[in-house]
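Analysis of the macromolecular model
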Amino acid sequence: MPYLKPFLLFFVCLFISCTDVDLIDDYLPPVLRITTPFSEITLGDSYSFEASYFNNIGEFVPNSQLEWESSDSEILTIDSHGNATPLKIGTVQIIVKTTSSEGSVLQDEINITIQSNVVLVPPEEPIEEPSEEEQIPESNTQTPTITITNGISQITAETNYQLELAFQDAMGNLADVPNSNWTSSNEALLQVDETGTLQAIAAGTVTLTVSVQVSNTIISAQSVINVIAPVVAMVTSYSGEVVSKSSYTLEGGFTLASGNDGLILSLDESYKASTALPGLYVYLSNNANTTAGAYEIGAVTVFNGAHSYNLPNSIELMDYKYILYWCKPFNVKVGEAKIYD
Amino acid sequence: MKNLLTLLLVCSSFLVHGQWIKEKGTGYLKLGGWSLLANKHFTDQGLTDPNSTRGLFINSLYGEIGIGKKINLIAYLPFFVKNYQFAQVSKTTGKVYEPRQEYNGLGDFNLGLEYGLGHLKNWNFSGSLTLGIPSGESVAGVDGSYQTGDGEFNQLLQVNLGKSYNISNQGFYFKSYLGFNNRSQGFSDEFHSFGETGTQLFNSKLLILTRLHWIKPLYNGTLDASNSNGAIFANNIESFTLGGELAWTIGEKWGIALGTATPLFGKVIYKATSFSGGVFLSF
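Residues numbered from 1 in each chain as written. Chains lettered and ligands numbered in written order. Predicted model: local features only at pLDDT ≥ 70, side-chain atom pairs only at ≥ 80, totals over all residues.

1. Overview of the overall build of chain A
Per the secondary structure count, chain A includes one helix and 33 strands. In chain A, which comprises 341 residues, the proportion classed as buried is 32%. Counting only contacts in chain A whose residues sit at least 6 apart along the sequence, the fraction spanning at least 24 positions is 59%. (Helix = DSSP H or I, 4+ residues; strand = E, 2+ residues; numbered from the N terminus. Buried ≥ 20, exposed ≤ 12 C-beta atoms within 10 Å, placed from the backbone. Contact = placed C-beta atoms within 7 Å.)

In structure tokens, the structure reads:
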């Protein structure tokens, strides 16, 4: 068989030689995204905003140069690091910009409502407390008074507020406030310094007392203040639908929500996935066309009904835009869910 | 998703070249190569979905040897199986997401006996039992999906029949079988049916033939993604495959064969045309 050797060589060359690649169509428009999901903040505190730049394949680009702006600097100011200080009640737009690697300017914005951190009340009536040693004789003079002119009945924890005093002397004239002494009935909830600056710590009810000594008389005023928990409104969960992007069965509702120790991805009772798929995995990704750069939650082991995945607390709610169901061995998208728009 | 092992089976059937029961001491050997490259597959719904491009290449030795008056020994020995996947590269950046992967190993050997049952008029009947030996790797490669075998021992029982006929003085043959494949390890059993017809041209130098092969699972297995680790690649597969082959006798006893096959319909199987070639020897 003189031709046997050439034929064998032919077959080996024919079937073994292959060096091709699969090109993954993974282009996405670069995007800049504010990832701090505040919608309401309160006066008296500062807030740190963050934004992430994702390049043309959905990869997070660290250390991007960001420019932060406030649409109304009388309502809120924001520095170059995204630290915002609300100045008065209102609605403002926070804008962040960066320049992509392709040279285009990317922008994202978020509308923020600024609420007051306190509830004002009318000034308290002064309380006269004569000293034990001496009683003030009756005369045509009147009792000096001290008044909190911007008293409050409520303050939000983790915020500050400056109280103001007015002093009326024995002749009924407004005068400089003598050295005042401020005390809080519970400093674990509300602290006050010698200038009347309040620092709300935690929720609860506190009696605040301010007193001044005039001659031998101590005059004081009291205010009962309710400290409430922070009312910063921010998005804490997203819900949606997992839909099949293949011919395989995959459906169900999902919720991505903050838990006690990190986010929890929950699939509801309507969830169904084909058991004919080998190597089905679930990912969080910023590119719906590839798992490159995605966070691999793990292999799918539940194919019907409600279940959940606990995510590490290093993952924030807006870090990823898509949930991907992927046949890992064959690099095929089976389905997806958009976490948010 | 895609069943590589089914293709091994299809491949083996396509290598069947002998026709009737061979006399003792005679036989047929074929050293062949078989290749398939697929970037789509039939899903479990029978629809077509894409996949990363995967390839399968098999070098095998097929033989039928008469070991008795009415008994043939049949062996299909895939001694080299290459299961590979193309590199996955970003079209946008050129970044290599996953390099080319491959796994080489033995495939699942098939060993069988065929017994001549006799003939009725010009119909020849035989029965055969083929044992599927799990000599390949059912979990192989970086993620376990580059398997070269299904990891289960199966027994394919067939009733074969063959017939010669003429059309306009041109001689043809027809052969067919019905089979039941008893599979183990939670795999669904299968019903097989097969038909082949062909004729010889140019003074019997060239054999031209065409085949149909239908594999229908009985869906009585317990194996699925919820209770297995990769082996479901080979479960509940269905295929209806059309193939053809040319065999050219060059020497007195040997020649070359070139074949192709494509699935017309299927479930859990690659949707791609396979190509094969080999050198055969009759003695």
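2. So, the overall build of chain B
Secondary structure assignment for chain B yields one helix and 16 strands. The burial tally for chain B puts 45% of its 283 residues in the buried class. Of all intrachain contacts in chain B linking residues separated by at least 6 positions in sequence, the fraction that spans at least 24 positions is 60%.

3. Some words on the pairing of strand β3 (residues 38-42) of chain A
Residue and element names in this part refer to chain A. Note: β3 against strand β24 (residues 233-234), two bridges, orientation antiparallel. In the strand pairing of β24, F38 is matched with M234. Here β3 runs beside strand β11 (residues 105-115); their pairing, made up of three bridges, is parallel. The residue of β11 that forms the bridge with E40 is T113. (Pairing = 2+ DSSP bridges.)

4. Here we look at the interface of chain A and chain B
The parts lose accessible area when they come together, and the size of an interface is often stated as this lost area. Taken together, the 38 residues of chain A in the interface contact 41 residues of chain B. The set of elements that each furnish at least two residues to the side of chain A that touches chain B consists of α1 (4-16) and β1 (21-24) of chain A. The element contributing the most residues to the side of chain A that touches chain B is α1(A), with five residues. Broken down by class, the residue content of the side of chain A that touches chain B amounts to 24 nonpolar, nine polar and five charged. (Nonpolar A, V, L, I, M, F, W, Y, C, P; charged D, E, K, R; others polar.)

5. Some points on the sheet that holds β11(A)
With mixed pairing, the five strands of this open sheet are ordered in space as β7-β10-β11-β3-β24 (chain A). A single partner strand is all that each edge strand has here, and the edge strands are β7 (67-70) and β24 of chain A.

6. Section: the domain arrangement of chain A
Each assigned domain of chain A is listed here: domain 1 (31-115), domain 2 (118-131 + 142-228) and domain 3 (235-338). Using C-alpha coordinates to define each centre, domain 2 of chain A is positioned 55 Å away from domain 3 of chain A. (Domains from an automatic or database assignment.)

7. Looking at the nonpolar core
Residues A:F254, A:L256, A:L280, A:I323, A:Y325, A:C327 and A:V334 are the most contacted members of the largest nonpolar core, which totals 45 residues. Ranked by residues supplied to this core, first place goes to strand β32 (residues 322-327) of chain A with five residues. (Core = buried A, V, L, I, M, F, W, Y, C linked by C-beta atoms within 7 Å.)

8. Quick notes on unusual backbone geometry
With phi around 55°, A:S215 is a residue other than glycine that occupies positive phi space. Judged by C-beta crowding, with 10 C-beta atoms within 10 Å, A:S215 ranks as exposed. At B:N169, a residue that is not glycine, the phi angle is positive and equals roughly 65°.

9. Comments concerning the sheet that holds strand β18 (residues 174-175) of chain A
Residues and elements named next belong to chain A. Taken in spatial order, the three strands make up an open sheet running β14-β17-β18, and their pairing is antiparallel. The open sheet is flanked by β14 (145-148) and β18, the only strands paired with a single partner. Of the strand pairs in this sheet, strand β17 (residues 165-168) and β18 are connected by two bridges, and their pairing is antiparallel. Bridge pairing links F167 to A175 in β18.

10. A word on the environment of B:L264
Residue and element names in this part refer to chain B. With respect to the secondary-structure elements, L264 resides in strand β14 (residues 254-267). Its 11 C-beta neighbours within 10 Å are what place L264 among the exposed residues. Expressed as a C-alpha distance, the spacing of L264 and S164, which sit 100 residues apart in the sequence, is 27 Å. With near-sequence residues (within four places) excluded, L264 lies in contact with F240, T241 and L242.

11. Some points on the confidence of the model for chain B
Residues and elements named next belong to chain B. Residues at a pLDDT of 70 or more form 90% of chain B, whose mean pLDDT is 88. Segment residues 1-19 is flagged for pLDDT under 50; beyond a separation of four residues in sequence, or across chains, it makes 74 contacts in the model. What the predictor reports for the complex is a pTM of 0.77 with an ipTM of 0.82. (pLDDT = per-residue confidence, 0-100.)

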